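Below are the chains, spelled out letter by letter.
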Amino acid sequence: QVQLVESGGGLVQAGGSLRLSCVASGRTLSTAFMSWFRQAPGKEREFVARIGWYSGVTYYADSVKGRFTISRESAKKTVSLQMNSLKPEDTAVYYCAAAPASSTDYRNVASYDYWGQGTQVTVSS
């Protein structure tokens, strides 16, 4: 089992910044990669960013490329998402997720075994 706890959400004006953090605990050795997803009201959960747990290789959704940065601190088992130049359309609940070594499709929610409880990000115009 892997437990994920997110923090760092809040209310910010358009153009502002927020930093989300996700702390992992439990059996993390089998984790292949971790990602951030988001879900806005009435919409499906969508991929935001991904980082290899051991490789550090990153991928981003086109909608956040150049504005968001995903990073990890392996010793602290923490994955962070730095969000700059925020837009009202970034408003959503943001979730941290962990995928096992057998997963390959990082954009698919079904690839992830473990999810955090989510943290609300609201961007006002």
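One can find the structure itself at the top, above this paragraph.
Residues numbered from 1 in each chain as written. Predicted model: local features only at pLDDT ≥ 70, side-chain atom pairs only at ≥ 80, totals over all residues. Heavy atoms only, no water.

1. Description of the overall build of the protein
Within the protein one finds zero helices and 11 strands. Written out in order from the N terminus, the α and β elements of the protein read β-β-β-β-β-β-β-β-β-β-β. Radius of gyration (C-alpha) of the protein: 13 Å, near the 14 Å computed for a compact globule of 125 residues. The principal-axis extent of the C-alpha atoms belonging to the protein is close to 40 × 30 × 25 Å. Looking at the 125 residues of the protein, the share that counts as buried comes to 45%. Counting only contacts in the protein whose residues sit at least 6 apart along the sequence, the fraction spanning at least 24 positions is 58%. (Helix = DSSP H or I, 4+ residues; strand = E, 2+ residues; numbered from the N terminus. Rg over C-alpha atoms; globule rule 2.2 N^0.38 Å. Buried < 20%, exposed > 50% of the residue type's maximum accessible area, 1.4 Å probe, protein only. Contact = heavy atoms within 4.5 Å.)

2. Examining the pairing of strand β5 (residues 46-52)
Of all seven residues making up β5, six are buried, and the element is well covered by its neighbours. Relative to β5, strand β4 (residues 31-39) runs antiparallel, the two being bridged by six bridges. Paired with Phe-37 across the strands is Phe-47, a residue of β5. Here β5 pairs with strand β6 (residues 58-60) via three bridges, running antiparallel. Each residue of the ladder has a partner; that of Ile-51, found in β6, is Thr-58. Between β5 and the antiparallel strand that follows it, β6, lie five residues; Gly-56 among them carries a positive phi value of about 75°. (Pairing = 2+ DSSP bridges.)

3. Some points on the packing of aromatic side chains
Counting across every chain of the model gives eight aromatic pairs. Taking 4.7 Å as the distance between ring centres and 20° as the angle between the ring planes, the aromatic pair formed by Tyr-59 and Tyr-106 counts as stacked. Remark: Tyr-106 occurs in the loop between β9 (92-100) and β10 (114-115) and Tyr-59 occurs in strand β6; sequence separation between them is 47 residues. A residue is classified by how much of its surface remains accessible, and Tyr-59, at 36% relative accessible area, is partly exposed. The exposure class of Tyr-106 is buried, given its relative accessible area of 15%. Cluster of aromatic residues (ring-pair linked, three or more members): Phe-33, Phe-37, Phe-47, Tyr-59, Tyr-95, Tyr-106, Tyr-112 and Trp-115. The residue whose ring lies beneath Arg-45 is Tyr-95, and the NZ or CZ to ring-centre distance is 3.7 Å. Lying over the aromatic face of Trp-115, Arg-45 brings its terminal NZ or CZ to 4.8 Å of the ring centre. (Phe/Tyr/Trp six-rings, centres within 6.5 Å; stacked < 30°, edge-to-face > 60°. Lys NZ or Arg CZ within 6 Å of the ring centre and 35° of its normal.)

4. Focus on the nonpolar core
Counting residues in hydrophobic clusters, the biggest one holds 36 residues, and the most contacted among them are Met-34, Trp-36, Leu-81, Met-83 and Tyr-94. Those elements that place two or more of their residues in this core are β1 (2-7), β3 (18-26), β4, β5, β7 (68-73), β8 (78-83), β9 and β11 (119-124). No other element matches the six residues that β9 contributes to this core. In this view, Met-34 contacts Leu-4, Cys-22, Ala-24, Ala-49, Arg-50, Ile-51, Trp-53, Ile-70, Val-79, Cys-96, Ala-97 and Ala-98; residues no more than four positions away in its chain are not counted. (Core = buried A, V, L, I, M, F, W, Y, C linked by side-chain atoms within 4.5 Å.)

5. Digging into unusual backbone geometry
Of note, Lys-77 is a non-glycine position whose phi angle comes to about 50°, a positive value. In this fold, Lys-77 is placed in the loop between β7 and β8. You can call Lys-77 partly exposed: its relative accessible area is 30%. Positive phi, close to 50°, is recorded for Ser-85, a residue that is not glycine. The exposure class of Ser-85 is partly exposed, given its relative accessible area of 40%.

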